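# Understanding the architecture of this molecule
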Amino acid sequence: MSENELKVNYGTEDDLPPVGPKTALVSIIGRPSAGKSTFLNTASGEKISIVSSVPQTTRNAIKGIVNTSLGQLVFVDTPGLHQSDKKLNLKLTKIAQDQIADSDVILYIIDSTRTHEEEECIIANMAKPFVKKLVIAINKIEDPAADVKDARDFVKRIFADFPEDRIIEMSAKEDKNVNDVLRALYALSPEAPKLYPEEYYTDQEVDFRIAEIIREQAMNRLEQELPHCIYVNIDHIEMKKANLLSVRASICVERESQKGIVIGKGASKIKEIRVESIKACRKIFDYRVDLDLQVKVDKNWRQKDFVLNKLLK
Ligand SMILES: Nc1nc2c(ncn2[C@@H]2O[C@H](COP(=O)(O)OP(=O)(O)OP(=O)(O)O)[C@@H](O)[C@H]2O)c(=O)[nH]1
């Protein structure tokens, strides 16, 4: 039986306690690149958030929904938490803090392949007041660079006497123990009716999802030259027929000199981004997406409040 089948049938095994349907809003916290988006994607079996090797790709609170026989978990993926004076990072941190306080359960993902210095402590301390609603997942355990003992020692140092059954070693990438993490989250979830109909797996707006797909495709090709210097704006979106969505979008860069990098020789790069974005949309939507893609300059967008507010809506 595959892990996904397990998830669907999860809760039917004999050893599970007899409980009513549970529903929880779950915040995912962790350092940039800890594997929060990967966990979300694996747990929901759908591509709901972008995954990239460039840190801090999650700028919005993206919800993914996992339905099982035990109930419904609504995941809120928090942005990377940073100690920085930059406007963007300050906004991201505020969003993350509010989410943590408001959620029923918190999932704190620790990257076992990295050492746990200051940034990790800031995040752990943010979760500390909420220890009763906390599950800790030590991620990337299949990686040869993983040091699980070091991660466990860190947990012990910060959260004295933290219950053992709420520390789970997992590989979000290889879907190892992801079910155990779900199990621990359900154990802390209140009994409540579902928040969303079962057929929903995300409540993200279509335009936001398309912008994220384009940004992922662009970042996959440009991360060496332009890490963090782009955002994607959906200029126009319209359902042309029952099965055709027409989208006009712009990849926005900060400087004129960066435009050429995105466009590429003979427009090769922008064409590639467009074609791959269309392919990625096809996997997610049950209608075709027609994409008109341009590159624009928006000077210093990261310091502009109106752009940030739009991205962080
Ligand atoms: N080896 C290994 N790599 C993983 C695992 N989970 C995630 N990764 C990789 O770690 C990188 C970051 O993963 P993300 O899921 O984007 O991390 P994130 O925490 O959402 O990152 P931000 O959006 O920056 O906060 C990607 O290259 C993933 O493929 C895992 O279980 N094992």
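Residues numbered from 1 in each chain as written. Predicted model: local features only at pLDDT ≥ 70, side-chain atom pairs only at ≥ 80, totals over all residues. Heavy atoms only, no water.

For clarity, the threshold we go by: UniProt positions are given in the numbering used here, feature names are shortened, and annotations may be inferred rather than shown by experiment.
Where an unreviewed UniProt entry is consulted, the protein appears under the name GTPase Era, with the organism given as Treponema rectale. Per UniProt, the protein carries the Subunit (unreviewed entry) text "Monomer." Quoted verbatim from the Sequence similarities (unreviewed entry) field of UniProt, the annotation for the protein is "Belongs to the TRAFAC class TrmE-Era-EngA-EngB-Septin-like GTPase superfamily. Era GTPase family."

### Comments concerning the sheet that holds strand β7 (residues 231-241)
Definition in use: Any two strands between which DSSP finds at least two bridges are classified as paired. In this text, helices come from DSSP runs of H or I with a minimum length of four residues, and strands from runs of E with a minimum of two, each type numbered from the N-terminal end. Axis definition: a line fit to C-alpha positions, over the contact stretch in the case of helices; interaxial angles, taken between N-to-C directions, run 0 to 180 degrees. Every residue pair with non-hydrogen atoms within 4.5 Å of one another is taken to be in contact.
Here we have three strands laid out as an open sheet, ordered β7-β8-β9, and mixed in their pairing. Either end of the sheet is taken by a strand with one partner, and the two such strands are β7 and β9 (288-297). Strand-to-strand twist in this sheet, taken as the mean axis angle between neighbours without regard to direction, amounts to 15°. In the sheet, β7 pairs with strand β8 (residues 244-253) via nine bridges, with the strands oriented antiparallel. Counted as the bridge partner of K241 is L244 from β8. The sheet strands contacting helix α7 (residues 206-222) are β7, β8 and β9, and the helix crosses β7 at an angle near 125°. In the packing of helix α8 (residues 256-263) onto the sheet, contacts are made with β8 and β9, and the angle to β9 comes to roughly 150°.

### Observations concerning the environment of S103
Put simply, the test is: The rule is simple: take the accessible area with a 1.4 Å probe, protein chains only, and divide by the maximum for that residue type; under 20% is buried, over 50% is exposed, in between is partly exposed.
Inspection of the secondary structure assignment puts S103 in the loop between α3 (87-102) and β4 (105-111). By relative accessible area, S103 is classed as buried at 6%. In this structure, the C-alpha to C-alpha distance between S103 and L25, residues 78 residues apart in sequence, is 5.2 Å. Not counting the four nearest positions on each side in its chain, S103 is found in contact with L25, V26, S27 and K133.

### Considering unusual backbone geometry
Positive phi is not limited to glycine here, since D175 has a value of about 55°. Counting through the fold element by element, D175 comes out in the loop between β6 (167-169) and α6 (178-188). Phi is positive for N177, close to 65°, though the residue is something other than glycine. Along the chain, N177 turns up in the loop between β6 and α6. When its relative accessible area of 31% is taken as the criterion, N177 is described as partly exposed.

### Describing the packing of aromatic side chains
Stated precisely, the cut-off is as follows: Ring geometry is summarised as follows: Phe, Tyr and Trp rings, the Trp one being its six-membered ring, pair when their centres sit within 6.5 Å, and such pairs are stacked at plane angles under 30 degrees, edge-to-face over 60 and tilted between the two.
Inspection of the entire model under this criterion finds two aromatic pairs. Plain terms: the ring middles of Y108 and F159 are 6.5 Å apart, the flat faces sit at 65° to each other, and that makes the pair edge-to-face. With Y108 in strand β4 and F159 in the loop between α5 (148-158) and β6, this pair connects stretches of sequence that are 51 residues apart. Neither Y108 nor F159 differs from the other in exposure class; each is buried. Judged by relative accessible area, F159 falls into the buried class, the value being 4%. One aromatic cluster is present, built from ring pairs that chain together Y108, F159 and F162.

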